[in-house]
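Residues per chain are reported as follows:
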Amino acid sequence: MSERLTPLVLDEYFHIYNRGNSKQTIFKSNSDYLRFMSLLYLSNGTKSFKLRDLSNDRVFDVDMGNKQVAIGAYCLMPNHFHILLKPLVENGVSLFMKKLGTGYSMYFNKRYGRTGGLFEGRYKSQHADSDEYLKYLFSYIHLNPLKLIDQEWKVKGLDDIKGGEEYLNKYSFSSYKDYVGNLRKERNIINREGFPEYFPSKDSFIKEINDWMRFQVN
């Protein structure tokens, strides 16, 4: 069941997330992460594709048709994912998430010889109903990988801010690298123009992230 309270209406912002059934791992290898990221891009359009027909170098450059949503940020973790988006057409979120969830579940079940639902029910959503909360979500989503090096960092604070920044810079399965100026092909997944310009420069984004890492320390 979705925890949705606000309809997924046009020109509003939403935090979409889901995790594996019974908290199971949904990304077991780099190839799994890359498949999901490819689907993040290809599912967000009106055209259909077979990934086997596309080389890895072409996936993020193909014309996938009219976009259903604008993606502002995302992060993939071993047993869950986060996406910050804005619907661009009626039922855009539903259309996008159905293609994304179905496509990845079919891939994962076939690869690992399993059957049944991969995810813990329908995706969940939270309405970013204020400018302050929307801006905060960019940090919340991009800081998720720190849990992989310190599960309790939000409670006790992150002592090594520099180390945390270096870890986020190395983590390839989120849009963090695209905000700090890494010119990789996956940057086409996100559409920064669809969101307020909270971070007009690389330095302003890094400062915001680092301020949140320090928040628990001070």
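Right above here is the structure, for reference.
Note that the structure is a prediction, hence the values are computed from the model and not measured.

Quick notes on the overall build of the protein
(1) Moving on: Summing up its helical and strand segments, the protein has seven helices and four strands in all.
(2) Moving on: In the protein, the succession of helices and strands from N to C terminus is β-α-β-β-α-β-α-α-α-α-α.
(3) Moving on: Taking 2.2 N^0.38 as the reference for a compact globule, 218 residues should give roughly 17 Å; the C-alpha atoms of the protein span a radius of gyration of 17 Å, in line with that estimate.
(4) Moving on: Dimensions of the protein along its principal axes, counting C-alpha atoms only, are 50 × 35 × 35 Å.
(5) Moving on: Put simply, of all contacts in the protein between residues at least 6 apart along the chain, 69% involve residues at least 24 apart.
(6) Moving on: Counting every atom, the protein has about 11200 Å² of accessible surface; 48% of that belongs to carbon and sulfur.
(7) Moving on: Placing the 32 positive and 26 negative side-chain charges of the protein at their respective mean positions leaves the two points 8 Å apart.

Describing the packing of aromatic side chains
(1) Moving on: Inspection of the entire model under this criterion finds 26 aromatic pairs.
(2) Moving on: For the pair Y179 and F199, a centre-to-centre distance of 6.4 Å together with 90° between the ring planes defines the contact as edge-to-face. Of the two residues, Y179 sits in helix 6 (residues 176–179) while F199 sits in the loop between helix 6 and helix 7 (202–215), which places them 20 residues apart along the sequence. An identical accessibility class is assigned to Y179 and F199; each is buried.
(3) Moving on: Summarising the aromatic geometry, the rings of F199 and F205 are spaced 5.3 Å apart at their centres and angled 85° between planes, so their arrangement reads as edge-to-face.

Some words on the packing of helix 3 (residues 131–142) against helix 7
(1) Moving on: In the contact formed by helix 3 and helix 7, the axes pass within 10 Å of each other and the chain directions differ by 70°. Between helix 3 and helix 7, the angle is such that the two are roughly perpendicular. Across from K135, Y136, F138, S139 and H142 in helix 3, the residues of helix 7 making contact are F205, E208, I209 and W212.

Examining unusual backbone geometry
(1) Moving on: In the Ramachandran plot, D11 falls in the positive-phi region, its phi being about 65° despite a non-glycine side chain.
(2) Moving on: As for its placement among the helices and strands, D11 is situated in the segment before strand 1 (14–19).
(3) Moving on: Its identity as a non-glycine residue notwithstanding, K23 has a phi of 65°, on the positive side.
(4) Moving on: Here K23 is to be found in the loop between strand 1 and helix 1 (30–42).
(5) Moving on: Judged by its relative accessible area of 51%, K23 falls in the exposed class.

Describing the sheet that holds strand 4 (residues 124–127)
For sheets, the rule is that strands pair by backbone hydrogen bonds, running either parallel or antiparallel.
(1) Moving on: Taken in spatial order, the four strands line up as 2-3-1-4 in an open sheet, and their pairing is antiparallel. Lying at the two open borders of the sheet, with one neighbouring strand each, are strand 2 (69–77) and strand 4. Sheet twist, expressed as the average angle between the axes of neighbouring strands with direction ignored, equals 20°.
(2) Moving on: Where strand 1 and strand 4 come together, four bridges link them in antiparallel fashion.

Some points on the side chain of N191
(1) Moving on: Looking at the secondary structure, you find N191 in the loop between helix 6 and helix 7.
(2) Moving on: The residues contacting N191, other than those within four sequence positions of it, are K67, A70 and I71.

Conventions we followed
- Residues numbered from 1 in each chain as written.
- Predicted model: local features only at pLDDT ≥ 70, side-chain atom pairs only at ≥ 80, totals over all residues.
- Heavy atoms only, no water.
- Helix = DSSP H or I, 4+ residues; strand = E, 2+ residues; numbered from the N terminus.
- Rg over C-alpha atoms; globule rule 2.2 N^0.38 Å.
- Contact = heavy atoms within 4.5 Å.
- Areas by Shrake-Rupley, 256 points an atom, 1.4 Å probe, with all protein chains shown as cover.
- Lys, Arg positive; Asp, Glu negative; His and termini not counted.
- Charge placed at Lys NZ, Arg CZ, Asp CG, Glu CD.
- Phe/Tyr/Trp six-rings, centres within 6.5 Å; stacked < 30°, edge-to-face > 60°.
- Buried < 20%, exposed > 50% of the residue type's maximum accessible area, 1.4 Å probe, protein only.
- Axes fitted to C-alpha atoms, helices over the stretch in contact; angles between N-to-C directions.
- Parallel < 35°, antiparallel > 145°, perpendicular 65-115°, else oblique.
- Pairing = 2+ DSSP bridges.

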